[in-house]
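A closer look at the structure
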Amino acid sequence: MLDQIKGLHHVTSMARDARQNNDFFTRKLGQRRVKKTVNFDAPDVYHLYYGDEAGTPGSVMTYFPFPDIGKGRHGVGEVGTTVYSVPEGTLGYWEKRFADEGVTGLSREETFGEKRLAFAGPDGDGFALVECKSDSRAPWAKGGVPTDEAIRGFHSVSLRLKDGGATEELLKFMGYEEVDKSGNLRRLAVKNGNGADVIDIESLPSTAFADLGAGSVHHVAFAVENRARQLEVRKALMDTGYGVTPVIDRDYFWAIYFRTPGGVLFEVATNEPGFDRDEDTAHLGEALKLPTQHQHLRPYLEQHLQKLEG
């Protein structure tokens, strides 16, 4: 069993409209845009990152807003719900805030004894807030949400799978342990993590497979401290039979990717070097930052990319 993984690093999803996406996360959720850059493989498309003040691993939601993308179809083989942590007793505040802001899909739930508020993103993305008693992570304090109610970071992601057994075994190999179960739900958690420590697996054998599109999670990334730990994880996964990509430089972290038995794309990302490698922390997410290989496109991209508020 591995011990290098310390919880979630980031979750990356697809969207249709960059301005709407930016407004939802920075204004309605009160998150900070910590990076405004572009897709490495499609530089005419933004890659937007939202999180806490510094973009701490375990807090960062990222998006590829493709203007012409079709709507995703939810099903199995995907991340069904991305769950944020909020302080105990704050769901009433968020329910009213979301209702006032026109956020859809609102419903109160309780899972594994935790109070949750489910809601939908602008493309039908599945989200929830869960009340956490002991989350000491500092929120972004300048997002228009009072500090006592603000989002602390991720709590978990929920995977929807045809059969969760093989993915559960993979997660246990990656350092997770089963901590609870209820019906077709299994909860796994990593000890001594970064606060974003939980993965839920929902087995839905009769549900059709998902189709990727706007509102779909593209991949979920797990955090390791540095490149040395990442290489240890890569070797262990390859020795176990997984096809893992070479290490890829993503400017703000190094990444490796592999497909899980249930169909979800996993990434293992380093905490280094962080989002302040090319911007001062006080000004994260303000300027358009481009990978070196796309710098020559700056004049075109600054005219072509949709203008964002903030």
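Residues numbered from 1 in each chain as written. Predicted model: local features only at pLDDT ≥ 70, side-chain atom pairs only at ≥ 80, totals over all residues. Heavy atoms only, no water.

As recorded by an unreviewed UniProt entry, the protein chain carries the name VOC family protein and is attributed to Mesorhizobium ciceri.

A word on the nonpolar core
Phe222 and Phe266 are the most contacted members of the largest nonpolar core, which totals 61 residues. Once you skip the residues sitting within four places of it in the chain, Phe266 turns out to touch Leu159, Leu170, Leu171, Met174, Val220, Phe222, Ile256, Tyr257, Phe258 and Thr260. Phe253, Tyr257, Ala269 and Phe275 belong to the second largest nonpolar core, which has twelve residues in total. (Core = buried A, V, L, I, M, F, W, Y, C linked by side-chain atoms within 4.5 Å. Buried < 20%, exposed > 50% of the residue type's maximum accessible area, 1.4 Å probe, protein only. Contact = heavy atoms within 4.5 Å.)

Observations concerning the UniProt feature "domain: VOC" (unreviewed entry) in the protein chain
With numbering matched to this structure, UniProt assigns "domain: VOC" (unreviewed entry) to residues 7-132 and 153-271. In the segment residues 7-132, helix accounts for 17% and strand for 44%; the C-alpha atoms at its two ends are 16 Å apart. Each end of residues 153-271 is marked by a C-alpha atom, and these two atoms are 15 Å apart; helix forms 18% of the span and strand 44%. (UniProt positions renumbered as here; feature names shortened; annotations may be inferred. Helix = DSSP H or I, 4+ residues; strand = E, 2+ residues; numbered from the N terminus.)

What about helix 4 (residues 227-239)?
Three or four residues apart is the spacing at which side chains of an α-helix point the same way, because the helix has 3.6 residues per turn. Here helix 4 contains 13 residues, and its C-alpha end-to-end distance of 18 Å stays within 8% of the 18 Å for a straight helix at 1.5 Å per residue. Where helix 4 is concerned, the buried positions are Gln230, Val233, Ala236 and Leu237. Take helix 4 and look down its axis: the buried residues cluster within an arc of 125 degrees, on one side only. Helix 4 presents Lys235 and Asp239 as exposed residues on the side facing more than 90 degrees away from its buried surface. Against helix 3 (165-173), strand 13 (217-224), strand 15 (253-259) and strand 16 (265-273) lie the buried residues of helix 4. The N-cap residue of helix 4 is Asn226: its side-chain oxygen and the backbone nitrogen of Ala228 are 3.2 Å apart. Looking one or two places after helix 4, you find Gly241, whose phi comes out positive at around 110 degrees. (Expected span 1.5 Å × (residues − 1). Arc of directions from axis to C-beta. Polar contact = N/O pair within 3.5 Å; in protein donor to acceptor, adjacent residues only side chain to side chain.)

Quick notes on helix 1 (residues 18-28)
When helix 1 is considered as a whole, its buried residues turn out to be Ala18, Asn21, Asn22, Phe24, Phe25 and Lys28. The N-terminus of helix 1 is capped by Asp17, whose side-chain oxygen sits 3.2 Å from the backbone nitrogen of Arg19. Positioned one or two residues after helix 1, Gly30 has a phi angle of 70 degrees, which is positive.

Details of the packing of aromatic side chains
Under the defined criterion, the tally for this structure stands at 18 aromatic pairs. Centroid distance Tyr176 to Phe222: 6.0 Å. Interplanar angle 80 degrees. Geometry classified as edge-to-face. Residue Tyr176 is located in strand 10 (residues 176-182), and its partner Phe222 is located in strand 13; the two are separated by 46 residues in the primary sequence. Owing to a relative accessible area of 1%, Tyr176 belongs among the buried residues under this scheme. Sitting above the plane of the Trp254 ring, Arg227 keeps its charged end 4.4 Å from the centroid. Geometry around Phe40 places Arg250 over its ring, the cationic atom sitting 5.1 Å from the centre. (Phe/Tyr/Trp six-rings, centres within 6.5 Å; stacked < 30°, edge-to-face > 60°. Lys NZ or Arg CZ within 6 Å of the ring centre and 35° of its normal.)

A short note on the sheet that holds strand 1 (residues 8-15)
Strand order in the open sheet made by the eight strands is 2-3-4-1-13-16-15-14, with mixed pairing throughout. Because the sheet does not close on itself, it has two edges, and the strands there are strand 2 (32-38) and strand 14 (248-249). Pairing of strand 13 with strand 16 involves five bridges; the strand directions are parallel. Looking at the pairing, Val220 lines up with Phe266 of strand 16. Helix 1 contacts strand 1, strand 2, strand 3 (46-51) and strand 4 (60-65) of the sheet and is inclined by roughly 5 degrees relative to strand 3. (Pairing = 2+ DSSP bridges. Axes fitted to C-alpha atoms, helices over the stretch in contact; angles between N-to-C directions.)

Some points on the sheet that holds strand 10
Spatial ordering of the open sheet is given by 6-7-8-5-9-12-11-10, a layout of eight strands whose pairing is mixed. With one partner strand each, in any of the chains shown, strand 6 (107-111) and strand 10 form the two edges of the open sheet. On average, each strand axis in the sheet is inclined to that of its neighbour by 30 degrees, with strand direction left out of account. One ladder, built from five bridges, connects strand 11 (residues 185-190) with strand 12 (residues 198-203); its direction is antiparallel. Across the sheet, the residue bridging to Ala189 is Val198, located in strand 12. With respect to the sheet, helix 2 (residues 91-101) is in contact with strand 5 (78-87), strand 6, strand 7 (114-120) and strand 8 (126-132), its orientation differing from that of strand 7 by roughly 10 degrees.

Here's the deal with the pairing of strand 9 (residues 153-161)
Among the nine residues in strand 9, nine count as buried, and that is most of the element. Relative to strand 9, strand 5 runs antiparallel, the two sharing seven bridges. Bridge assignment links Thr81 to a residue of strand 9, and that residue is Ser158. Two elements, strand 9 and strand 12, share six bridges in a ladder whose sense is parallel. Across the sheet, Leu161 pairs through a bridge with Ser203, a residue of strand 12.

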